[in-house]
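# Close look at the chain arrangement
Next come the chains, spelled out residue by residue.
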Amino acid sequence: MYWHWMKQQSRQEILIYLAVWGLLFAAPMLSLYVRTVSDASVVFDWSEIFLVWRKLAVFLLLFLIHNFFLAPLLIHGHRRVTYFSIMAVILAAFIVYQCSNKPNFREPKGHRPPPRMEMEDRHHPPSDRHPSDHPSDGHLSEHPSERPPHGEFRHQTPPPFVGERDILSTVVLLLMFGANLGIKGYFRSRHDRKRLAELEHQNLEQQLEYLRYQINPHFFMNTLNNIHALVDIDPQKAQETIVELSKMMRFVLYEGDKKGVPLTREMEFIRTYVNLMQLRYTDKVRIILDLPAETPDHTLPPLILISFVENAFKHGVSYQQESFIEIKAAVENHHLLFTCRNSKVEKAHEEKPRIGDETSGKKGGVGLANVRKRLNLLYDHDYSLRINDGADIYTVELNIPLS
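The structure contained in this document is the topic of the report that follows.

Reading guide: rules and limits
Residues numbered from 1 in each chain as written. Predicted model: local features only at pLDDT ≥ 70, side-chain atom pairs only at ≥ 80, totals over all residues. Heavy atoms only, no water. Helix = DSSP H or I, 4+ residues; strand = E, 2+ residues; numbered from the N terminus. Buried < 20%, exposed > 50% of the residue type's maximum accessible area, 1.4 Å probe, protein only. Contact = heavy atoms within 4.5 Å. Salt bridge = Lys/Arg side-chain N within 4 Å of Asp/Glu carboxyl O. Expected span 1.5 Å × (residues − 1). Arc of directions from axis to C-beta. Pairing = 2+ DSSP bridges. Axes fitted to C-alpha atoms, helices over the stretch in contact; angles between N-to-C directions. Core = buried A, V, L, I, M, F, W, Y, C linked by side-chain atoms within 4.5 Å. Patch = residues over 30% accessible without salt bridge, like charges linked within 9 Å, V, L, I, M, F, W, Y side chains within 5 Å. Areas by Shrake-Rupley, 256 points an atom, 1.4 Å probe, with all protein chains shown as cover. Parallel < 35°, antiparallel > 145°, perpendicular 65-115°, else oblique. Left-handed = near helix turned anticlockwise from the far one by under 90°. Nonpolar A, V, L, I, M, F, W, Y, C, P; charged D, E, K, R; others polar. Phe/Tyr/Trp six-rings, centres within 6.5 Å; stacked < 30°, edge-to-face > 60°.

What follows covers the overall build of the protein. Summing up its helical and strand segments, the protein has 10 helices and 7 strands in all. Sorting the 403 residues of the protein into buried and exposed places 33% on the buried side. For the protein, the share of sequence-separated contacts (at least 6 apart) that also reach a separation of at least 24 residues comes to 73%.

Quick look at the structure:
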């Protein structure tokens, strides 16, 4: 488990630690070098640097323990109780170590002369003093004028167990652990964001694949219905239709899984589909197809428009009464303006069920719902789709950016 956590440390995180600790260990040498340059009496002494390095080594050892063993417990394992329990033990051990390394205090035997008497001895040699200044019993004179001020005879006491430097070292240690947690938490959150983005991208690709595979069977089933109807009417035409269908299948199989296809290929695909569908209808069905013959060098997602065309032929054509389908496309300012209009007819009891026909509870079926999902996934809000379901005419207006 620890090895897995250690491998999760990014290269940038390790470089940050190396840079910080490198500067800390180089600071004593730089400081002493500056002192030797500014003051000729100062000698470059490596023992002084080694003394500082020895103190830094304790902090480095605790940092390594915290970075590789303790911090992962909190950042990756979310084991807060274990982390803070071990941290309390480490802090207590560090404080004991700091206090135990103080120089030993030993009280001298006998009574040490107070500071005031030492100053007097320094300025007045024993030969110049009056005999009365040296009591024979070894004790100070009891004369009131010679009695030292109150407090000068207090014995020197040892320093407290926890001193100012110990508190400062402990605070520095806590700040070091906090900085380590902050850096590790930042890189962990960055790794999580990157992983979430990858998962969202994979989920997006899976959804698009799912939607594409929903479109293809629907399209092929409707096209096979056309060929089925032509077999009895015009076998030669049925054979030509199969050739056209093979071209369309090649487009779906080899181009349908790409992120983008040339706009010219997409227009050709729609034109072939309309020609195949037009074979099965009489002159009562008026079909207007206005597609650009030469399109600029742009791409768009494959099979993004065919669902609107399928929906128009499915719900806008009647054998009994006049009907129409109007399909137009134009390129303006790197945007594709696509319009599909069709008449609305009632044909619930008009036709027999055909091979592979798909029905749904509402007009448009799953095809239009799927294409709307694809548009949302591909363009988010950078597109417009307006559908006007009028009393007699059904209109679709799509505006999407071109790559």
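Once that is clear, we can look at the pattern of salt bridges. The tally for this structure, following the rule as stated, stands at 9 salt bridges. Between lysine 344 and aspartate 389 there is a salt bridge; the shortest N-O distance is 2.6 Å. Within this pair, whereas lysine 344 is found in the loop between β5 (335-343) and α10 (365-379), its partner aspartate 389 is found in strand β6 (residues 384-389), the two being separated by 45 residues in sequence. Linked through salt bridges whose partners overlap, the residues forming this network are Glu326, Lys328 and Arg341.

Taking 1.5 Å of rise per residue, the 21 residues of helix α4 (residues 80-100) would be expected to cover 30 Å, and the 30 Å separating its terminal C-alpha atoms lies within 8% of that figure. Turning to α4, its buried residues are Tyr83, Met87, Ile90, Leu91, Phe94, Gln98 and Cys99. Projection of α4 onto a plane perpendicular to its axis shows the buried side chains occupying an angular sector of 160 degrees, all on one side. With respect to the buried face of α4, the exposed residues turned more than 90 degrees away are Val81, Val89 and Ser100.

This next bit is on the sheet that holds β5. In spatial order, the strands read β2-β4-β5-β7-β6; together these 5 strands make up an open sheet with mixed pairing. Each having just a single partner strand, β2 (285-290) and β6 make up the two edges of the open sheet. With direction set aside, neighbouring strand axes in the sheet form an average angle of 5 degrees. Each of β2, β4 (323-332) and β5 is contacted by helix α8 (residues 263-278), which is oriented at about 170 degrees to β2, the strand it contacts most. Relative to β5, helix α9 (residues 306-315) is tilted by about 10 degrees, and along the sheet it contacts β2, β4, β5, β6 and β7 (393-401).

Our next topic: the nonpolar core. Residues Leu300, Leu305, Val309, Phe313, Phe338 and Leu398 are the most contacted members of the largest nonpolar core, which totals 46 residues. Residue contributions to this core peak at 8 residues, all from α8. In contact with leucine 300, other than residues within four places in its own chain, are Lys259, Gly260, Val261, Pro262, Leu263, Glu266, Leu305, Leu336, Ile400 and Leu402. Listed in part, the 20 residues of the second largest apolar core include Tyr17, Phe59, Leu70 and Ile75.

Together, Tyr33, Val34, Val37, Phe44, Trp46 and Phe50 make up a nonpolar patch on the protein surface, roughly 630 Å² of accessible area in all. If you list the elements that add at least two residues to the nonpolar patch, you get α2 (11-38) and α3 (46-75). The biggest single contributor to the nonpolar patch is α2, with 3 residues.

This part covers the packing of α8 against α9. Where α8 meets α9, the closest approach of the two axes is 11 Å, and the angle between their N-to-C directions is 15 degrees. One way to sum up the angle between α8 and α9 is to call them roughly parallel. Considering the relative orientation of α8 and α9, their crossing is right-handed. On α9, the residues that touch Phe269, Ile270, Tyr273, Val274 and Met277 of α8 are Ile306, Val309, Glu310 and Phe313. The residue makeup of the contact of α8 with α9, split by class, is 8 nonpolar, no polar and 1 charged.

Below, the discussion takes up the packing of α3 against α4. Remark: α3 packs on α4, axes separated minimally by 10 Å, with the N-to-C direction vectors making an angle of 170 degrees. Here α4 runs roughly antiparallel to α3, going by the angle between their axes. Along this stretch, α3 crosses α4, giving a crossing that reads as right-handed. Along the contact surface, α3 presents Val58, Phe59, Leu62, His66, Leu70, Ala71, Leu73 and Leu74, while α4 presents Arg80, Thr82, Tyr83, Ile86, Met87, Ile90, Phe94 and Tyr97. Across the contact of α3 with α4, the residue classes break down as 13 nonpolar, 2 polar and 1 charged.

Now for unusual backbone geometry. Backbone geometry places asparagine 333, a non-glycine residue, at a positive phi of 55 degrees. With respect to the helices, strands and loops of the structure, asparagine 333 is situated in the loop between β4 and β5. Within the chain, histidine 334 stands out as a residue other than glycine whose phi angle is a positive 60 degrees. Positionally, histidine 334 belongs in the loop between β4 and β5.

Along the polypeptide, valine 285 turns up in strand β2. We classify valine 285 as buried; its relative accessible area is 8%. Through-space distance from the C-alpha of valine 285 to that of glycine 316 is 9.2 Å; in sequence the pair is 31 residues apart.

For the rest of this paragraph, the subject is the pairing of β4. When β2 meets β4, the two strands line up parallel, connected through 6 bridges. Residue pairing across strands places valine 285 opposite serine 323, the latter belonging to β4. The sheet contact formed by β4 and β5 spans 8 bridges and is antiparallel. Pairing of alanine 330 across the sheet is with leucine 337, part of β5. Linkage of β4 to β5, two consecutive antiparallel strands, is achieved through a turn of 2 residues, within which asparagine 333 is found at a positive phi near 55 degrees.

Within this structure, the stated rule accounts for 14 aromatic pairs. Where tryptophan 21 meets phenylalanine 25, the ring centres are 6.3 Å apart and the plane angle is 45 degrees; that geometry is what we call tilted. Here tryptophan 21 and its partner phenylalanine 25 are both found in helix α2, 4 residues apart, which amounts to about one turn of the helix. On the accessibility criterion, tryptophan 21 (11% relative accessible area) is buried. Through a chain of ring-to-ring contacts, the aromatic side chains of Tyr17, Trp21, Phe25, Phe44, Trp46, Phe50, Trp53 and Phe63 assemble into a single cluster.

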